[in-house]
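In case you want the letters, here they are:
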Amino acid sequence: MKTLSRQTTTTEPLTVADTPVGAFTVIDGTKERPIKVGARVTIGHHALVSAGAQLADDVTVDHYCLIGPGSSIGEQTQILYGARVFESVRIGSRCIVGGSVANWTVIGNDVTFMGMIAHSYRQPAPLSDWGSAPVPSPVIGDRAVVGEAALLIGGITIGEGAYVAAGELVNCDVPPACLFMRGKITPLDKFRGFVRARS
């Protein structure tokens, strides 16, 4: 992995440490918190890659994306146009990520994530405590699919090979190999392959 330990802001496309970087992109590495970049990584224009981020081999960060401080992205993962990956997120290998991934979320391998994540703020903290300590965040198992605009709330678990339909509001665990649709959980095998997780 290459280490980027200085802030770089581009006004035109360039290559930083053998990594193609689009115009108007900020690479915000510091000596204390360098950004680690694997081989064959591509970063689009108008993106922000924050201090301490790690991008493994063959990662693609599309245009207008945010990679938050301390987040790590696994091999061959694609962060799609405009996606937001906030602080200390862990994303596995071969994932497709769009939408918004909140702080401290863990996403397994081979996941398709197109939704949004919100923390459960049942007892709001004072402004001075905002963002100072991890709060329960979702864990998304290997091969799961989270559809467009689905909203995951709080420290829930989306099981391995589970499927969350587009537009769903999910505030409960979804067991492995199950579909969450219209507020109900159904085993995927009842759909005889019509709806399935990633293989």
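Our subject is the structure listed above.
Cut-offs used in this document
- Residues numbered from 1 in each chain as written.
- Predicted model: local features only at pLDDT ≥ 70, side-chain atom pairs only at ≥ 80, totals over all residues.
- Heavy atoms only, no water.
- Helix = DSSP H or I, 4+ residues; strand = E, 2+ residues; numbered from the N terminus.
- Buried < 20%, exposed > 50% of the residue type's maximum accessible area, 1.4 Å probe, protein only.
- Salt bridge = Lys/Arg side-chain N within 4 Å of Asp/Glu carboxyl O.
- Pairing = 2+ DSSP bridges.
- Core = buried A, V, L, I, M, F, W, Y, C linked by side-chain atoms within 4.5 Å.
- Contact = heavy atoms within 4.5 Å.
- Polar contact = N/O pair within 3.5 Å; in protein donor to acceptor, adjacent residues only side chain to side chain.

**Student:** I keep staring at the environment of Pro-134 and nothing clicks. Help me out?
**Tutor:** Assignment of secondary structure puts Pro-134 in the loop between β20 (116-118) and β21 (139-140). Using a relative accessible area of 59% as the deciding quantity, one classes Pro-134 as exposed. Placed 30 residues apart in sequence, Pro-134 and Trp-104 show a C-alpha to C-alpha distance of 6.6 Å.

**Student:** Help me understand the pattern of salt bridges in this model?
**Tutor:** Pairs can form between side chains of opposite charge once their charged atoms are near each other. Evaluation of the coordinates by the stated rule reveals three salt bridges. Two residues, Arg-143 and Glu-160, come together in a salt bridge whose shortest N-O distance is 3.5 Å. Here Glu-160 lies in the loop between β24 (157-158) and β25 (163-164) and Arg-143 lies in the loop between β21 and β22 (145-146), a separation of 17 residues in the sequence. Judged by relative accessible area, which is 43%, Glu-160 ranks as partly exposed.

**Student:** Please explain the pairing of strand β28 (residues 184-187) as it appears in this structure.
**Tutor:** Each regular strand shows side chains that alternate between the opposite faces of the sheet. Where strand β27 (residues 178-181) meets β28, four bridges bridge the pair, whose relative direction is antiparallel. Bridge pairing in β28 links Met-181 to Lys-184. Hairpin connection of β27 to β28: two residues between the antiparallel strands, including Arg-182 at a positive phi of 55°.

**Student:** Sorry, what's going on with the nonpolar core here?
**Tutor:** Soluble globular proteins: nonpolar side chains tend toward being buried together. Counting residues in hydrophobic clusters, the biggest one holds 41 residues, and the most contacted among them are Ile-79 and Ile-158. When residues of this core are traced back to their parent elements, those giving at least two are β6 (35-37) and β27. With residues near it in sequence (within four places) discarded, Ile-79 still touches Thr-60, Val-61, Asp-62, Cys-65, Ile-67, Ile-73, Val-85, Ile-91 and Val-97.

**Student:** I keep staring at the environment of Phe-180 and nothing clicks. Help me out?
**Tutor:** Within the secondary structure layout, Phe-180 lies in strand β27. Taking the C-alpha atoms as reference, Phe-180 lies 9.6 Å from Ala-166; in sequence the two are 14 residues apart.

**Student:** Can you help me understand the side chain of Asp-110 in this one?
**Tutor:** Take Asp-110: it is sitting in the loop between β18 (106-107) and β19 (112-113). When its relative accessible area of 15% is taken as the criterion, Asp-110 is described as buried. One polar contact links Asp-110 to Arg-94, side chain to side chain, over a distance of 2.8 Å. Those residues within four positions of Asp-110 in sequence are excluded, and the remaining contacts are Ser-93, Arg-94, Cys-95, Arg-143, Ala-144 and Arg-198.

**Student:** Sorry, what's going on with unusual backbone geometry here?
**Tutor:** Peptide bonds are, in most cases, trans, and in most cases residues other than glycine have a negative phi. Within the chain, Arg-40 stands out as a residue other than glycine whose phi angle is a positive 60°. Among the structural elements, Arg-40 can be located in the loop between β6 and β7 (42-43). The backbone of Ala-149 shows a phi angle near 65°, a positive value even though the residue is not glycine. Relative to the helices and strands, Ala-149 resides in the loop between β22 and β23 (151-153). With relative accessibility at 39%, the residue Ala-149 sits in the partly exposed group.

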